[in-house]
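# Descriptive structure summary
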Amino acid sequence: MIYVHIPFCRRKCTYCAFYSVASTAQRQRYADALCHELALRRHTMTGEVKTVYIGGGTPSSLPIGMLAQVVETLRRHYAVAHLEECTLEANPEDLTPQYLAALRQMAFFDRISIGVQSLHDDVLRMLNRRHSAAQALEAVGNVAAAGFRNISIDLIYGIPTLSDETWRDTLRQVATLPVQHLSAYALTVEPSTILERQMAQGRVPAIDEEQAVEQYQTLLQWAEGQGFRQYEVSNFARQGHRSRHNSRYWNRTPYLGVGAAAHSFDGEYRRWNVADVAQYCTLLETGRVPHDEEQLTLRDAYNEYVMTALRTVEGIDKAHVPPPFARHLDTAIKPYIANNLILPTPSHYRPTPAGILHADGIAAALFA
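Let us look at the structure shown here.

Reading the values: the criteria
Residues numbered from 1 in each chain as written. Predicted model: local features only at pLDDT ≥ 70, side-chain atom pairs only at ≥ 80, totals over all residues. Heavy atoms only, no water. Buried < 20%, exposed > 50% of the residue type's maximum accessible area, 1.4 Å probe, protein only. Helix = DSSP H or I, 4+ residues; strand = E, 2+ residues; numbered from the N terminus. Arc of directions from axis to C-beta. Salt bridge = Lys/Arg side-chain N within 4 Å of Asp/Glu carboxyl O. Axes fitted to C-alpha atoms, helices over the stretch in contact; angles between N-to-C directions. Parallel < 35°, antiparallel > 145°, perpendicular 65-115°, else oblique. Contact = heavy atoms within 4.5 Å. Nonpolar A, V, L, I, M, F, W, Y, C, P; charged D, E, K, R; others polar. Pairing = 2+ DSSP bridges. Lys, Arg positive; Asp, Glu negative; His and termini not counted. Patch = residues over 30% accessible without salt bridge, like charges linked within 9 Å, V, L, I, M, F, W, Y side chains within 5 Å. Areas by Shrake-Rupley, 256 points an atom, 1.4 Å probe, with all protein chains shown as cover. Charge placed at Lys NZ, Arg CZ, Asp CG, Glu CD.

## Some remarks on helix α3 (residues 97-106)
- If you check which residues of α3 are buried, you get Tyr 99, Leu 100, Ala 102, Leu 103 and Met 106. Projection of α3 onto a plane perpendicular to its axis shows the buried side chains occupying an angular sector of 155°, all on one side. Exposed side chains of α3 directed beyond 90 degrees from the buried face belong to Gln 98 and Gln 105.
- A positive phi of about 55° marks Ala 107, the residue just after α3.

## As for the pattern of salt bridges
- Here the structure, examined in full by the defined rule, presents 14 salt bridges.
- Salt-bridge contacts for Arg 10 lead to Asp 94; the nearest nitrogen and oxygen are separated by 2.9 Å. Taken as a pair, Arg 10 in the loop between β1 (2-6) and α1 (27-40) and Asp 94 in the loop between β3 (85-90) and α3 lie far apart in primary sequence, 84 residues in all.
- Under the relative-accessibility criterion, Asp 94 is labelled buried at 10%.
- In this structure, the salt-bridge partner of Glu 37 is Arg 41, at a minimum N-O distance of 2.8 Å.
- You can call Glu 37 buried: its relative accessible area is 0%.

## Concerning the packing of α1 against helix α2 (residues 64-77)
- Between α1 and α2, the least distance of the axes is 10 Å, while the angle of their chain directions is 5°. The orientation of α1 with respect to α2, classified from their angle, is roughly parallel. When α1 is examined against α2, the residues Arg 27, Gln 28, Ala 31, Asp 32, Leu 34, Cys 35, Leu 38 and Ala 39 are found in contact with a partner set consisting of Met 66, Gln 69, Val 70, Thr 73, Leu 74 and His 77.
- Taken together, the residues of the contact of α1 with α2 sort by class into eight nonpolar, four polar and two charged.

## Digging into the sheet that holds strand β5 (residues 151-157)
- Here we have nine strands laid out as an open sheet, ordered β7-β8-β6-β5-β4-β3-β2-β1-β9, and mixed in their pairing. The open sheet has two edge strands with one neighbour each: β7 (229-232) and β9 (256-258). Taken pair by pair, the neighbouring strands of this sheet meet at an average axis angle of 20°, ignoring direction.
- Inspection of the sheet shows β1 paired to strand β2 (residues 51-56) by five bridges, in the parallel sense. Following the sheet pairing, Tyr 3 is matched in β2 by Tyr 53.
- Sitting on the sheet, helix α8 (residues 209-226) is in contact with β5, β6 (181-186), β7 and β8 (235-237), with an inclination near 150° to β5.

## Brief notes about the side chain of Asp 154
- Within the secondary structure layout, Asp 154 lies in strand β5.
- Salt bridges are absent for the buried Asp 154, whose nearest opposite-charge side chain, Arg 111, sits at 7.2 Å.
- Leave out the neighbours within four places in its chain, and Asp 154 touches Ser 113, Ile 114, Gly 115, Val 116, Gln 117, Ser 183 and Tyr 185.

## Details of a negative patch on the surface
- Taken together, the side chains of Asp 208, Glu 209, Glu 210 and Glu 214 present a region of like negative charge at the surface.
- Residue placement: Glu 214 occurs in helix α8.

Pasting the structure below:
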């Protein structure tokens, strides 16, 4: 699996903590450096690539010619002829019929993930999104009309200005759309974001955690009634439309990440590229990949697996737990079984619906 990071945005969303730059000035230089990194690291991926995910930032802010340059480089250096899934993240305002026709002509992407976030203009303004609710609805229609049959959208709940009725109305509108996958995230206040500064200055109210939980429960009930099955804390899919790429992250499948700030994992080492577009480009122009790395211990591997597995409905596969930590896990998990947060089976420890809501806290208590 390969992840490609496109860090450019035309505007920074208030909540965003991913590495991105609110500028498009260095796009061609970056595309050239990205292709150089792909060429330099081609020997790290042996065999057929199963999934490709181009994320950001805003990948759809990259001109079609530059995106085609990246796709051609992937085709030249990697075995991508038989991909199971290939995703492009996009913002609604970019998904015009002309843009989508060019994407179809590439014959590479089969899944489009659209950053909708809300279907109400006042909420979108609060988040500093560039598109309107009408543009979001139009974009989904354009993607479907272009022939894409695997469409995902992102939504955010728990926003201070998001009323319960507005959230229910957003879900009612989503039910009418030709989407097969939904990622819905609780708003979190990350360090060094615009949102953190706004809250510190009293310009935005604090998040009401109880209301966020209520909106999550509303989401769960709605999803079940609409045929979206929850398979991870924040992810819901119709039959056959789970994100294959993201699912592989959660079971610790090795992957290659290219681009500024991108992470890679080979099963033993994690490495990450420098989170600076200019520095990334400068070093690659001299033939060097700007990165740091760390070797994971067996304890690291156990803790990472517990953290990711408990966020999925399948839970912890006992066969995947490193033997030195099996007894620790069996003991530490007992209180959560007693409180009906974890359901034990002969092969797994599965979170119950209540347990998956508290997955991160339970995982922390199970760490070695």
